[in-house]
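# Analysis of the macromolecular model
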Amino acid sequence: MKKSFLIVAEGIDGAGKSTQLKQTAETLTASGREVVLLREPTNGTWGKKIRRVLIEGRDGISPEEELSWFNNDRREDVELNIQPALDRQAIVLIDRYYYSTAAYQGALGFDPQVICRENETFAPIPDLVLMFCIDPEAGLKRIAQSRDGFSSFEKLDYLKQVQAIFDAFEGPHIKRIDAGRDSETVQRDVLACVTQLLKSGEKP
Ligand code: TYD
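Given the structure is predicted, the values throughout are model-derived calculations rather than measurements.

## Section: the site of the ligand
Residues in contact with the ligand amount to 14 residues; listed here are only the nearest, D13, R39, R96, T101 and Q105. With respect to the ligand, the side chain of R39 contributes an N or O atom lying 2.5 Å from an oxygen atom. A distance of 2.8 Å is found between a nitrogen atom of the ligand and a side-chain nitrogen or oxygen belonging to Q105. Bound to the protein, the ligand loses 86% of the 550 Å² it would expose on its own.

Structure follows, in structure tokens:
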């Protein structure tokens, strides 16, 4: 019986991933499972460098450097957090993973498939990718309502390119969620996908 699961939330800014994942973590924890909720970029060495770029802008760093920082951050996350949690049979929920690198850094000109393949040499392949889909305009509007100011990545034209790459991913483990609906309805869909995955793990 499979006990450890890796579930990731992906999608453009303003899709509501963090709120949805937090609620999912609470529900799973209440059912008695060990849940580890993570997010990328992390708060580690590389994550801190990345957050500076999000605040100050991309001037002064090359696309290659930016890509390597996200990949290095993930390597650290796999080693320190993700793999140890999977090894002790926990359910790992991550707010963003390598599909974000493929989409956001892919939109800078790198091949998204190459980014995925490179990541899969060191990062465990998720059991479920919850792909939160929202119109980029609507996503930005939500951000504007929820906090002051945008990060240097939260620009309409860029997010449209990022969204197009997210839209092109396919595979049986990718479940698309219409994130434009109210939060309760979205959470119902998320829990349905997660429950189905956990049930499939109960089969011998
Ligand atoms: P975000 O999830 O918004 O972080 P937080 O809510 O904790 O501030 O992620 C920050 C930004 O980083 C977001 O615009 C997406 C971007 N990003 C990449 O460009 N590549 C990546 O590999 C990851 C994980 C995130």
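## Regarding helix α6 (residues 136–146)
Among the residues of α6, those classed as buried are P136, G139, L140 and I143. Mapping the buried residues of α6 onto a view down its axis gives an arc of 95°, with all of them on the same face. Along α6, the residues that are exposed and aim more than 90 degrees away from the buried face are K141 and Q145. Of the surrounding secondary structure, the elements contacted by the buried residues of α6 are α7 (156–168).

## Thoughts on the packing of helix α4 (residues 98–105) against helix α5 (residues 112–119)
Following both chains from N to C, one finds α4 and α5 inclined at 150°, their axes separated by 8 Å at the closest point. Taken together, the axes of α4 and α5 are roughly antiparallel relative to one another. Taken as a pair, α4 and α5 cross one another with a handedness that is right-handed. Counted together, Y98, T101, A102 and Q105 of α4 and P112, I115, C116 and N119 of α5 form the full contact between these two elements. Residue composition of the contact of α4 with α5, by class: 5 nonpolar, 3 polar and no charged.

## Topic: the sheet that holds strand β1 (residues 5–11)
Within a beta sheet, neighbouring strands are joined by backbone hydrogen bonds and run either parallel or antiparallel to one another. With parallel pairing, 5 strands are arranged side by side in an open sheet as β2-β3-β1-β4-β5. The open sheet terminates on both sides in strands that have one partner only, identified here as β2 (35–39) and β5 (174–178). The average angle at which neighbouring strand axes cross in this sheet is 20°, direction not considered. Where strand β4 (residues 128–133) lies against β5, 5 bridges are found, and the strand directions are parallel. Considered in β5, the bridge of L130 is made with K175. Here α7 sits on the sheet and contacts β1, β4 and β5; the angle it forms with β5, its principal contact strand, is near 130°.

## Some remarks on the pattern of salt bridges
The tally for this structure, following the rule as stated, stands at 8 salt bridges. Note that E34 and R88 form a salt bridge whose closest N and O atoms lie 2.8 Å from each other. Remark: R88 occurs in the loop between α3 (63–87) and β3 (91–95) and E34 occurs in the loop between α1 (17–30) and β2; sequence separation between them is 54 residues. On the basis of relative accessibility, which here comes to 46%, the residue R88 falls in the partly exposed class. Within the structure, one salt-bridge network assembled from shared partners comprises D178, R181 and D189.

The rules we used
Sequence positions are assigned chain by chain, starting from 1 and proceeding in written order. Where totals are concerned, whole chains, interfaces and linings use all residues; where local detail is concerned, this predicted model gives features only for residues with pLDDT of at least 70, and gives and counts side-chain atom pairs only at 80 or more. Calculated side-chain values reflect all of the structure's heavy atoms, with hydrogen atoms and water omitted. Think of it this way: one heavy atom of a residue within 4 Å of a molecule or strand is enough to make that residue near it. Pairs of N or O atoms are called polar contacts if they sit within 3.5 Å, as long as, within protein, a hydrogen donor faces a hydrogen acceptor (for residues adjacent in sequence, only side-chain-to-side-chain pairs). Here, Shrake-Rupley sampling with a 1.4 Å probe gives the accessible areas, and only protein chains in the shown set may cover a residue. Working definition: with a 1.4 Å probe on protein chains only, accessible area under 20% of the residue-type maximum means buried, over 50% means exposed, and in between means partly exposed. Secondary structure is summarised from DSSP: a helix means a run of H or I of at least four residues, a strand means a run of E of at least two, and numbering begins at the N terminus for each. The arc refers to the directions leading from the helix axis to the C-beta atoms. Residue contacts are counted whenever heavy atoms from the two residues lie within 4.5 Å of one another. An axis is simply a line fitted to the C-alpha atoms; with a helix, the fit covers only the stretch in contact. Between two such axes, the angle follows the N-to-C directions and lies from 0 to 180 degrees. These descriptions rest on fixed angle ranges, namely under 35 degrees for roughly parallel, over 145 for roughly antiparallel, 65 to 115 for roughly perpendicular, and the rest for oblique. Here a crossing is taken to be left-handed if its near helix is turned anticlockwise relative to the far helix by less than a right angle, and right-handed if that turn runs clockwise. Residues are grouped as follows: Ala, Val, Leu, Ile, Met, Phe, Trp, Tyr, Cys and Pro are nonpolar; Asp, Glu, Lys and Arg are charged; all remaining types, including Gly, are polar. Note: two strands are recorded as paired if DSSP finds a minimum of 2 bridges between them. Here, a salt bridge means any Lys or Arg side-chain nitrogen found within 4 Å of an Asp or Glu carboxyl oxygen.

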